Structures are given as structure tokens and as C-alpha cells.
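Observations on the three-dimensional arrangement
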Amino acid sequence: MQTPRLIYFADPMCSWCYGFSPVIAQVRQTFGRALPIQLVMGGLRPGTDQPATEQGRIELKVHWEHVHEATGLPFDDSVLDRPGFLYDTDPAARAVVRVRREDGEAALLFLRRLHHAFYAQAQDVTKPEVLADLAAESGVDRDAFLADFETDDLKHETWNDYATAQQVGVTGFPTLIGGPNEEGRYGVVTRGFAPADQVMSVLHQWLGTEPEPAARP
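Please read all numbers here as calculations on a predicted model, not as lab measurements.

Cut-offs and rules
- Residues numbered from 1 in each chain as written.
- Predicted model: local features only at pLDDT ≥ 70, side-chain atom pairs only at ≥ 80, totals over all residues.
- Heavy atoms only, no water.
- Helix = DSSP H or I, 4+ residues; strand = E, 2+ residues; numbered from the N terminus.
- Rg over C-alpha atoms; globule rule 2.2 N^0.38 Å.
- Buried < 20%, exposed > 50% of the residue type's maximum accessible area, 1.4 Å probe, protein only.
- Contact = heavy atoms within 4.5 Å.
- Areas by Shrake-Rupley, 256 points an atom, 1.4 Å probe, with all protein chains shown as cover.
- Lys, Arg positive; Asp, Glu negative; His and termini not counted.
- Charge placed at Lys NZ, Arg CZ, Asp CG, Glu CD.
- Pairing = 2+ DSSP bridges.
- Axes fitted to C-alpha atoms, helices over the stretch in contact; angles between N-to-C directions.
- Core = buried A, V, L, I, M, F, W, Y, C linked by side-chain atoms within 4.5 Å.
- Polar contact = N/O pair within 3.5 Å; in protein donor to acceptor, adjacent residues only side chain to side chain.
- Phe/Tyr/Trp six-rings, centres within 6.5 Å; stacked < 30°, edge-to-face > 60°.
- Lys NZ or Arg CZ within 6 Å of the ring centre and 35° of its normal.
- Expected span 1.5 Å × (residues − 1).
- Arc of directions from axis to C-beta.

**Examining the overall build of the protein chain**
Of regular secondary structure, the protein chain possesses 8 helices and 4 strands. Going from the N terminus to the C terminus, the protein chain shows its helices and strands as β-α-β-α-α-α-α-α-α-β-β-α. The C-alpha radius of gyration computed for the protein chain amounts to 18 Å, which stays within 12% of the reference 17 Å derived for 217 residues, consistent with globular compactness. Its C-alpha atoms give the protein chain principal-axis dimensions of roughly 50 × 40 × 35 Å. Sorting the 217 residues of the protein chain into buried and exposed places 43% on the buried side. Sequence separation of at least 24 residues holds for 74% of the intrachain contacts in the protein chain that already meet a minimum separation of 6. Per element, the accessible surface of the protein chain, about 11,200 Å² overall, is 48% carbon and sulfur. For the protein chain, the distance from the average position of its 19 positive side-chain charges to the average position of its 31 negative side-chain charges is 2 Å.

The following block contains the structure:
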């Protein structure tokens, strides 16, 4: 039987993925290398070439407020008010794929850093220079990152991720899939945001492990 793993379909500019980032961190902390996580970029809005409309910005801000209410995570929506802002998710996703080339674990941490930069710090993560600075924070050589960023090879690798998500029927993010089971099949852990206790319960049941008892007050 193959070693169980998780496949995580996410996007750096998906607000519910931002809300889910502490859950993924808890999964990593609890299971570590015993349950590796394969990160796949889902492709939320790749290739958007029209600036966000006023109505679109209002709808996004309302949506982000819902995520804040559900998760308590901070939001700074001023990035949406920048003139000509394009909600193109492809550059940030490509940046994650570039970091993933060097280290899959580092890519998970980088994804969380991008979420925080965009949603909590209002950084424009559609800009290559912003992404390069953030990648450098994560230990990636800035010049090498920029040299690769516009290459066809990296673009194709990123769009292959999107194609993978479509082929397996992923229609929303975050989506977390686990497997293989004894029959070699994979199953959905969560399709969309779910709180940590729900996700951890599913994983413990699947792996046949016991959650650690809560610490006494």
C-alpha cells in the first residue's frame, strides 16, 4: 500500500484559501512527514485582463468580510482600490510553482505568505517585483526567480496545474483530497472551507489515529 498523502488544490488569491491556511498549518504540525501534502494550483481567475469594476470591488469586499467573520483573520481591502487593479491570479500561482520547484514544503509556507501579503497587507501580488521580494523572504534567489518568471516553461507548468484541477473535477477552492486507501482510491477531505476540528476529525478517522487530548486549563 502506498504512503497516504494529501493533495491540496488552492490559489494564492482565494480568500477562503487564506481562511483555510491555519487549518493546513495545523495539519502539517500534527501529522508532519507522515502525511505529506502535495500542493496544486487550482486557477481561480488566471488571465484576467479587465480591471475590477466598482460593483466587482464591492462584491469582493463583502465576500472578504464573510471570510473574516468566519475565521477572524485580518483583511486590508485597500488593494482593490488601486487604479487599474487586475484580479489576475496567474502571476501569484506561477510564483508558487516556481518555489515548489525547489521545495514542496517551502511552497506551502510561501502560499501562506502570499495570502497574508495580499489580504492582510494589501500588497499587489500580481506584480513580478512584489512576488520576487516575497520569494526572497522565503529563501529563493531573487534574480533567479525573476529570470524564470516569464519563461514559457514555468507558464506551462502552472497551467498544467490548472488542467489537473479541472481533470479531477475540482470546481472550488480550497479542496483537500486524501489517499490512497486500501483500494488505491482517493477521497475528498473537504470541498471548500472547513474548520480545523472538522478536518482533523476526518483525517484521524481515515488514518486510524487518536487526536491528542486537549491541554488542561
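So, next bit.
**Points about the sheet that holds strand β3 (residues 175–179)**
Read across the open sheet, the 4 strands follow the order β2-β1-β3-β4; overall the sheet is mixed. This sheet does not close on itself; its edge strands, each paired only once, are β2 (37–41) and β4 (187–191). Direction aside, neighbouring strands of the sheet carry axes that sit 20° apart on average. Bridging between strand β1 (residues 5–10) and β3 involves 5 bridges; their strand directions are antiparallel. In the sheet register, arginine 5 faces β3, and the bridge partner there is glycine 179.

**Structural notes on the environment of leucine 80**
Within the secondary structure layout, leucine 80 lies in the loop between α2 (54–71) and α3 (90–102). Overall, leucine 80 belongs to the buried group, its relative accessible area being 1%. Sequence separation between leucine 80 and glycine 179 is 99 residues; the distance between their C-alpha atoms is 38 Å. If we ignore the near neighbours within four places in the chain, the residues touching leucine 80 are Arg57, Leu60, Lys61, Trp64, Phe85 and Tyr87.

**Examining the nonpolar core**
Of all hydrophobic cores here, the largest spans 65 residues; its most connected members are Tyr8, Leu39, Tyr87, Phe118, Val125 and Val199. For this core, the element with the highest residue contribution is helix α4 (residues 104–120), accounting for 10 residues. Apart from the residues within four sequence positions on either side, tyrosine 87 is in contact with Met13, Arg45, Thr48, Leu60, Trp64, Leu80, Phe118 and Tyr119.

**Remarks on helix α5 (residues 128–137)**
Listed as buried for α5 are Val130, Leu131, Ala132, Leu134 and Ala135. Note on α5: the residue one or two positions beyond its end, glycine 139, has a positive phi of about 95°.

**Quick word on the side chain of threonine 126**
With respect to the helices, strands and loops of the structure, threonine 126 is situated in the loop between α4 and α5. For threonine 126, a relative accessible area of 13% gives the class buried. Within polar-contact distance, the side chain of threonine 126 engages the side chain of aspartate 124 at 2.5 Å. When near neighbours in sequence (up to four residues on either side) are disregarded, threonine 126 contacts Met13, Phe85, Leu86, Asp88 and Pro91.

**Focus on the packing of aromatic side chains**
Here a ring pair, both rings aromatic, is described through the centre-centre distance and the interplanar angle of the planes. On inspection of all chains with the given rule, the structure shows 15 aromatic pairs. Where phenylalanine 118 meets tyrosine 119, the ring centres are 4.7 Å apart and the plane angle is 70°; that geometry is what we call edge-to-face. There is no split in this pair, since phenylalanine 118 and tyrosine 119 are both buried. Among the aromatic residues, ring-to-ring pairing joins Tyr18, Trp64, Phe75, Phe85, Tyr87, Phe118 and Tyr119 into one connected group. We note arginine 45 situated over the ring of tyrosine 87; from NZ or CZ to the ring centre the distance is 4.6 Å.

**A word on α2**
Residues three or four positions apart in an α-helix share a direction because the helix packs 3.6 residues into each turn. Along its 18 residues, α2 runs 26 Å from first to last C-alpha, staying within 8% of the 26 Å computed at 1.5 Å per residue. Burial in α2 covers these residues: Arg57, Leu60, Trp64 and Val67. Looking straight down α2, one finds its buried side chains confined to an arc of 80°; they lie on one side. The elements touched by buried residues of α2 are α1 (15–31) and α4. At the exit of α2 stands glycine 72, carrying a positive phi of roughly 80°.

Everything listed is a geometric property; what it means functionally is a separate question.
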